[in-house]
Amino acid sequence: AQSVTQPDIHITVSEGASLELRCNYSYGATPYLFWYVQSPGQGLQLLLKYFSGDTLVQGIKGFEAEFKRSQSSFNLRKPSVHWSDAAEYFCAVGSSNFGNEKLTFGTGTRLTIIP
Amino acid sequence: DTGVSQDPRHKITKRGQNVTFRCDPISEHNRLYWYRQTLGQGPEFLTYFQNEAQLEKSRLLSDRFSAERPKGSFSTLEIQRTEQGDSAMYLCASSLGGQGTDTQYFGPGTRLTVL
């Protein structure tokens, strides 16, 4: 069975500082990996996704993530955070068997930005 | 692109009552998913449809839950004899379907509170 671990429940970062959110996955085959962001009262918005090819993936809002098969990780990074980045971030893995019928999410990391 | 819409956004009900939620996917999307998100957790997969066919159901979907997508467009999720443990955010997502690289687009969710 596939699973995702986000070890950091809550992270606080100063505005303008760099950010890295950790994600580890468990999946028997080649995973499809996603990062979503959820703001209060909003639905989940896709930041970026990895299916194959280049292991460094660029997303929206200046985010990037790197797939490391040897470490079963897909960490999300941003070089300089903005106050508007405060939100809940979810890593997810999709099945590569006949499409991503379902996503398995981690428990999320809440990001707080301080001035 | 009007996005995925869900109705109602909030529902408060008494234990034992039945509730029904509606999801309208992005118009050309043939896959539709339901997830449930409880406080402090990531979304958990409940079920999904390809067109009008329900292809997979999670063990989380007890026999009190039923989902339909009668004409392959909108979907409804009904919970009968609600329990306090059903209190959660119910999320709907849609995708073009069939390909592992498809992105699931999420609606804003319906927050259910069972008193």
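Residues numbered from 1 in each chain as written. Chains lettered and ligands numbered in written order. Predicted model: local features only at pLDDT ≥ 70, side-chain atom pairs only at ≥ 80, totals over all residues. Heavy atoms only, no water.

## Concerning the pairing of strand β11 (residues 110–114) of chain B
All names here are of chain B.
Then, number 1: Only one face of β11 is buried, namely the one carrying T110, L112 and V114, since none of R111 and T113 on the opposite face is buried.
Then, number 2: Relative to β11, strand β2 (residues 10–13) is paired through four bridges, and the arrangement is parallel. Pairing of K11 across the sheet is with L112, part of β11.
Then, number 3: Here strand β9 (residues 88–95) runs beside β11; their pairing, made up of three bridges, is antiparallel. (Buried < 20%, exposed > 50% of the residue type's maximum accessible area, 1.4 Å probe, protein only. Helix = DSSP H or I, 4+ residues; strand = E, 2+ residues; numbered from the N terminus. Pairing = 2+ DSSP bridges.)

## Structural notes on the interface of chain A and chain B
Often, the extent of an interface is quoted as the loss of accessible area on bringing the components together.
Then, number 1: Tallying the contact residues gives 21 residues for chain A and 22 residues for chain B.
Then, number 2: Interface area for chain A against chain B, summed over the two sides, is near 1,700 Å², with a carbon-plus-sulfur share of 52%.
Then, number 3: The interface formed by chain A and chain B holds one salt bridge in total.
Then, number 4: Counting across the chain A and chain B interface gives five residue pairs in polar contact (both at pLDDT 80 or more).
Then, number 5: Elements with a minimum of two residues in the side of chain A that touches chain B: β5 (32–38), β6 (44–50) and β11 (103–105) of chain A.
Then, number 6: The element contributing the most residues to the side of chain A that touches chain B is β5 of chain A, with four residues. (Contact = heavy atoms within 4.5 Å. Buried area = accessible area lost by both parts, 1.4 Å probe. Salt bridge = Lys/Arg side-chain N within 4 Å of Asp/Glu carboxyl O. Polar contact = N/O pair within 3.5 Å; in protein donor to acceptor, adjacent residues only side chain to side chain.)

## A word on the pairing of strand β7 (residues 65–68) of chain B
Two faces make up the sheet, and in a regular strand the side chains alternate between them.
All names here are of chain B.
Then, number 1: With burial as the criterion, only one face of β7 is covered, namely that bearing F65 and A67; the residues S66 and E68 on the opposite face remain uncovered.
Then, number 2: Relative to strand β8 (residues 75–79), β7 runs antiparallel, the two being bridged by four bridges. When the sheet's bridge partners are listed, F65 is paired in β8 with I79.
Then, number 3: Hairpin connection between β7 and β8: a loop of six residues separates the two successive antiparallel strands, and G72 in this loop has a positive phi of roughly 70 degrees.

## Structural notes on the sheet that holds strand β1 (residues 5–7) of chain B
Residues and elements named next belong to chain B.
Then, number 1: The strand order across the open sheet formed by four strands is β1-β3-β8-β7, and the pairing between neighbours is antiparallel. At either end of the open sheet lies a strand with only one pairing partner, and these are β1 and β7. Between one strand axis and the next, the sheet turns through 15 degrees on average, direction left out of account. (Axes fitted to C-alpha atoms, helices over the stretch in contact; angles between N-to-C directions.)

## A few points about the nonpolar core
A general feature of soluble globular proteins is that nonpolar side chains tend to end up buried together.
Then, number 1: Ranked by size, the top nonpolar core spans 27 residues in total, and within it L19, W35, L47, L48, F74, L76 and Y89 of chain A carry the most contacts.
Then, number 2: Elements supplying a minimum of two residues to this core: β2 (10–14), β3 (19–21), β5, β6, β8 (64–68), β9 (73–78), β10 (87–94) and β12 (109–114) of chain A.
Then, number 3: For this core, the element with the most residues is β10 of chain A, which contributes four residues.
Then, number 4: Filtering out sequence-adjacent residues up to four positions away, L76 of chain A remains in contact with L19, E20, L21, W35, L47, L48, F63, E64, A65 and Y89 of chain A.
Then, number 5: Listed in part, the 19 residues of the second largest apolar core include V4, C23, L46 and F65 of chain B. (Core = buried A, V, L, I, M, F, W, Y, C linked by side-chain atoms within 4.5 Å.)

## A closer look at the state of the cysteines
Residues and elements named next belong to chain A.
Then, number 1: For the coordinates displayed, the defined rule picks out two disulfides over all chains.
Then, number 2: One disulfide bridge connects C23 with C91, the sulfur atoms lying 2.0 Å from each other. Torsion about the S-S bond of the C23 and C91 cystine: about -65 degrees, corresponding to left-handed handedness. Here C23, found in the loop between β3 and β4 (24–26), pairs with C91, found in strand β10; they are 68 residues apart in sequence, far enough to count as distant. For the pair formed by C23 and C91, the shared burial category is buried. (Disulfide = S-S within 2.5 Å.)

Bear in mind that shape data such as this cannot, by itself, settle questions of function.
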